[in-house]
Amino acid sequence: MPVTDQAFVTLGTNDAYCHGALVLGQSLRNHRTSRMLAILITPQVSRAMRAVLSNVFDAVVDVDEIDSKDVLCLALLNRPELGVTFTKLHCWTLTQYNKCVFMDADTLVLCNVDELFDREELSAAPDSGWPDCFNSGVFVFRPSLKTFNLLLQFANEHGSFDGGDQGLLNRFFSNWATTDISKHLPFLYNLSSNAIYTYAPAFRYFGKDAKVVHFLGSAKPWNCKYNPQTRTIVDDGSASVSQSQRSFLELWWETYNSSILPLLEKLQESYEPELPKEELNLSENQIELEEEEAVLSSNSLPISVNTEYVIETTVGTCNELSANNSVQKVEGSHDVKVAVPSQSSTVPIVQTFPQHTIEMVGGTLYSGTCGSEKLQEEVTSSVSELSTEPGPQEPSAEDERRKWEEGHIDYLGKDAFENIQKKLDSFLL
Ligand SMILES: O=c1ccn([C@@H]2O[C@H](COP(=O)(O)OP(=O)(O)O[C@H]3O[C@H](CO)[C@@H](O)[C@H](O)[C@H]3O)[C@@H](O)[C@H]2O)c(=O)[nH]1
Ligand SMILES: [Mn+2]
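Residues numbered from 1 in each chain as written. Chains lettered and ligands numbered in written order. Predicted model: local features only at pLDDT ≥ 70, side-chain atom pairs only at ≥ 80, totals over all residues. Heavy atoms only, no water.

## Overview of the overall build of the chain
Phase 1 of the analysis: Within the chain, the secondary structure is distributed over 14 helices and 16 strands.
Phase 2 of the analysis: Of all 429 residues assigned to the chain, the portion counted as buried reaches 50%.
Phase 3 of the analysis: Sequence-distant contacts in the chain: of pairs separated by 6 or more residues, those separated by 24 or more amount to 70%.
Phase 4 of the analysis: When the accessible surface of the chain is split by element, carbon and sulfur atoms take 54% of a total near 20,100 Å². (Helix = DSSP H or I, 4+ residues; strand = E, 2+ residues; numbered from the N terminus. Buried < 20%, exposed > 50% of the residue type's maximum accessible area, 1.4 Å probe, protein only. Contact = heavy atoms within 4.5 Å. Areas by Shrake-Rupley, 256 points an atom, 1.4 Å probe, with all protein chains shown as cover.)

See below:
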């Protein structure tokens with residue numbers, strides 16, 4: 001029997017993360033969850049993507065974007081794009097449910113995990129980088145407007161030590177590490193893919209019991225290259241991927257290919273007559289590819305595009321961020337206010353607090369149907385967002401971070417202690 005007052009909840013602030021959310025939702029359905037599936041989205045998500053989401057999720061809920069704008073902390077985390085994860089806080093507003101499990105859009109369930117609803121707020125698994133903190137990619141919570149307001153107030157007063165929701169939630173639920181062991185979910189409910197290589201023997205011993213895999217870090221499954229003919233991840237040489245990581249990535253793509261692609265194709269068919277080919281979805285560089293490799297054309301889709309290879313997105317680096325935006329320094333180590341142009345078409349309302357700036361962009365509840373009049377324009381913009389140019393030739397901040405995580409550390413060169421010290425000083429002074 002479906003349980004209608006409890007839900008798995010995820011978040012997508014753009015079409016790229018929504019691809020992840022679709023695979024997560026499908027994996028929950030494949031493992032026959034009895035709970036509702038809900039997704040929080042922001043105005044930046046295209047109308048076409050909303051239509052697809054409503055095929056997988058019971059509730060597609062439009063919320064305001066909340067951005068920590070904490071460039072300094074996010075730079076230390078090396079993930080400048082994660083300020084918008086504050087939007088996750090909106091999950092506490094879903095008071096139509098009495099209990100929920102939040103799951104990041106980059107998670108994938110490997111079996112039925114409905115037993116998570118037996119736990120209480122705030123239950124979560126340890127973070128592999130700092131196990132006295134919980135990882136906020138999977139957590140059990142009770143929706144409550146009171147808690148939501150307290151969290152916003154807390155964010156306003158204290159900010160987040162990592163600039164994202166995880167730093168905030170760990171300070172807010174600060175007794176998680178010490179008070180109640182029943183709120184410690186086993187790591188198997190949030191197996192971070194990097195733990196596979198940082199503690200390989202443990203993975204070999206316990207990994208078979210994994211229940212949820214979490215592709216945390218800047219490299220996401222939808223950025224990998226995949227060959228549907230051989231059903232394998234294409235090694236592009238940019239990162240060494242272990243066999244176990246590869247299996248999880250291939251499972252992600254298998255789910256995407258078998259269940260999500262057909263939905264996208266259906267959507268394409270229903271709108272194809274309205275969309276002249278050249279405007280349909282292909283960026284210039286994809287059209288070139290299409291001419292060279294006929295196989296590509298069957299999978300050129302309004303949203304997913306070029307699925308043989310990769311769903312590409314770009315993530316700004318710290319340098320790009322500071323170059324593109326005006327940074328205004330106020331007193332004190334954390335008192336930094338940054339005006340970042342909103343990516344949304346809606347005019348942002350920027351709320352300025354004494355210590356932190358949280359940006360909220362107006363939003364409304366989404367009704368679920370896909371109107372046709374603006375679709376063409378939105379599809380085109382969503383595709384150009386997803387099919388951007390190939391990455392830079394110079395190793396990106398993400399590549400460098402990945403190398404560092406994999407233990408390839410240039411102790412005598414750029415990673416020499418004095419360079420790291422200088423970098424830290426520049427953040428902390
Ligand atoms: O542009 C974005 C970025 C994130 N998200 C959502 O926010 C989640 C968290 O971002 P993610 O890229 O998955 O972060 P992680 O690499 O998992 O990094 C860690 O740090 C984040 C910031 O504190 C936490 O939100 C994560 O749970 C934690 O695992 C995503 O899964 C999405 O649901 C978006 O919708 N749009
Ligand atoms: Mn994540």
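We are not done yet, so read on.
## Considering the sheet that holds strand β9 (residues 191–192)
Phase 1 of the analysis: Ordered by their spatial adjacency, three strands build an open sheet running β6-β10-β9, and the pairing between neighbours is mixed. Unpaired on one side and paired on the other, β6 (107–109) and β9 mark the two borders of the sheet.
Phase 2 of the analysis: Sheet topology note: the β9/strand β10 (residues 212–214) ladder contains two bridges and is parallel. Bridge pairing in β10 links Leu191 to Val213. (Pairing = 2+ DSSP bridges.)

## Points about helix α2 (residues 47–56)
Phase 1 of the analysis: For α2, the tally of buried residues reaches seven of 10 residues, placing the bulk of the element in the interior.
Phase 2 of the analysis: What α2 keeps buried is the set Ala48, Met49, Arg50, Ala51, Val52, Leu53 and Val56.

## Comments concerning the coordination of the manganese ion (ligand 2)
Phase 1 of the analysis: Here the manganese ion (ligand 2) is held by Asp104 (OD), Asp106 (OD), Asp106 (OD) and His214 (NE2), and the distances to it run 2.2 to 2.3 Å.
Phase 2 of the analysis: Coordination geometry of the manganese ion (ligand 2): the six donor atoms subtend angles of 56 to 171° at the metal centre, consistent with an arrangement described as irregular.
Phase 3 of the analysis: In primary sequence terms, the donor set of the manganese ion (ligand 2) follows D-x1-D-x107-H. Pair noted here: Asp104 is in the loop between β5 (99–103) and β6 and His214 is in strand β10, with a separation of 110 residues, a long-range link.
Phase 4 of the analysis: Classification of His214 by relative accessible area gives buried; the value is 2%. (Donors = N, O, S within 2.8 Å, 3.2 Å for Na, K, Ca; no water. Tetrahedral: all angles 85-135°; square planar, octahedral: opposite > 155°, others 65-115°.)

## Brief notes about helix α5 (residues 165–172)
Because an α-helix completes one turn every 3.6 residues, residues spaced three or four positions apart along the sequence face the same direction.
Phase 1 of the analysis: The buried fraction of α5 amounts to six of the eight residues, a majority that puts the element mostly inside the structure.
Phase 2 of the analysis: Buried within α5 we find Asp165, Gln166, Gly167, Leu168, Leu169 and Asn170.
Phase 3 of the analysis: Turning to α5, the residues buried within the fold contact β8 (134–141) and α4 (145–158).

## Examining the packing of α4 against α5
Phase 1 of the analysis: One can describe the packing of α4 onto α5 by two numbers: an axis separation of 10 Å at closest approach and a directional angle of 110°. Between α4 and α5, the angle is such that the two are roughly perpendicular. In this structure, α4 contributes Thr147, Leu150, Leu151, Phe154, Ala155 and His158 to the contact, and α5 contributes Leu168, Leu169, Arg171 and Phe172.
Phase 2 of the analysis: Tallied by class, the residues present in the contact of α4 with α5 amount to seven nonpolar, two polar and one charged. (Axes fitted to C-alpha atoms, helices over the stretch in contact; angles between N-to-C directions. Parallel < 35°, antiparallel > 145°, perpendicular 65-115°, else oblique. Nonpolar A, V, L, I, M, F, W, Y, C, P; charged D, E, K, R; others polar.)

## What to know about the sheet that holds β8
Phase 1 of the analysis: Strand order across the open sheet formed by six strands is β3-β2-β1-β5-β8-β7, with mixed pairing between neighbours. Of all the strands in the sheet, just β3 (59–62) and β7 (123–126) have a single pairing partner and so form its edges. The sheet shows a mean angle of 25° between the axes of neighbouring strands, taken without regard to direction.
Phase 2 of the analysis: Sheet topology note: the β7/β8 ladder contains three bridges and is antiparallel. Bridge pairing in β8 links Ser123 to Val140.

## A word on unusual backbone geometry
Backbone geometry follows two general trends: most residues other than glycine have a negative phi, and most peptide bonds adopt the trans configuration.
Phase 1 of the analysis: Put simply, Glu121 and Leu122 share a cis peptide bond, and its omega is -10°.
Phase 2 of the analysis: Take Leu122: it is sitting in the loop between β6 and β7.
Phase 3 of the analysis: In the Ramachandran plot, Arg32 falls in the positive-phi region, its phi being about 55° despite a non-glycine side chain.
Phase 4 of the analysis: At Arg231, a residue that is not glycine, the phi angle is positive and equals roughly 55°.

## Thoughts on the confidence of the model for the chain
Phase 1 of the analysis: The share of residues in the chain with pLDDT of 70 or more is 62%, and the mean pLDDT across the chain is 72.
Phase 2 of the analysis: Confidence drops under pLDDT 50 across residues 274–393; counting only partners more than four residues distant or on other chains, this segment forms 234 contacts.
Phase 3 of the analysis: Across the whole predicted complex the pTM is 0.72, and at the interface the ipTM reaches 0.98. (pLDDT = per-residue confidence, 0-100.)

## Some remarks on the packing of aromatic side chains
Phase 1 of the analysis: The tally for this structure, following the rule as stated, stands at 17 aromatic pairs.
Phase 2 of the analysis: Aromatic side chains Phe134 and Trp176 sit 5.5 Å apart centroid to centroid with 65° between the ring planes, which places their arrangement in the edge-to-face category. Highlighted residues: Phe134 in strand β8 and Trp176 in the loop between α5 and β9, separated in sequence by 42 residues. The exposure classification of Phe134 matches that of Trp176, with both residues buried.
Phase 3 of the analysis: Here a set of aromatic residues connected by ring pairs shows up, and it is made of Trp92, Phe102, Phe139, Phe141, Phe154, Phe172 and Phe173. (Phe/Tyr/Trp six-rings, centres within 6.5 Å; stacked < 30°, edge-to-face > 60°.)

## Regarding the side chain of Thr85
Phase 1 of the analysis: For Thr85, the position within the fold is in the loop between α3 (71–77) and β5.
Phase 2 of the analysis: Within polar-contact distance, the side chain of Thr85 engages the backbone oxygen of Leu82 at 2.7 Å.
Phase 3 of the analysis: Discounting residues that sit within four places of it in the chain, Thr85 has contacts with Gly164 and Asp165. (Polar contact = N/O pair within 3.5 Å; in protein donor to acceptor, adjacent residues only side chain to side chain.)

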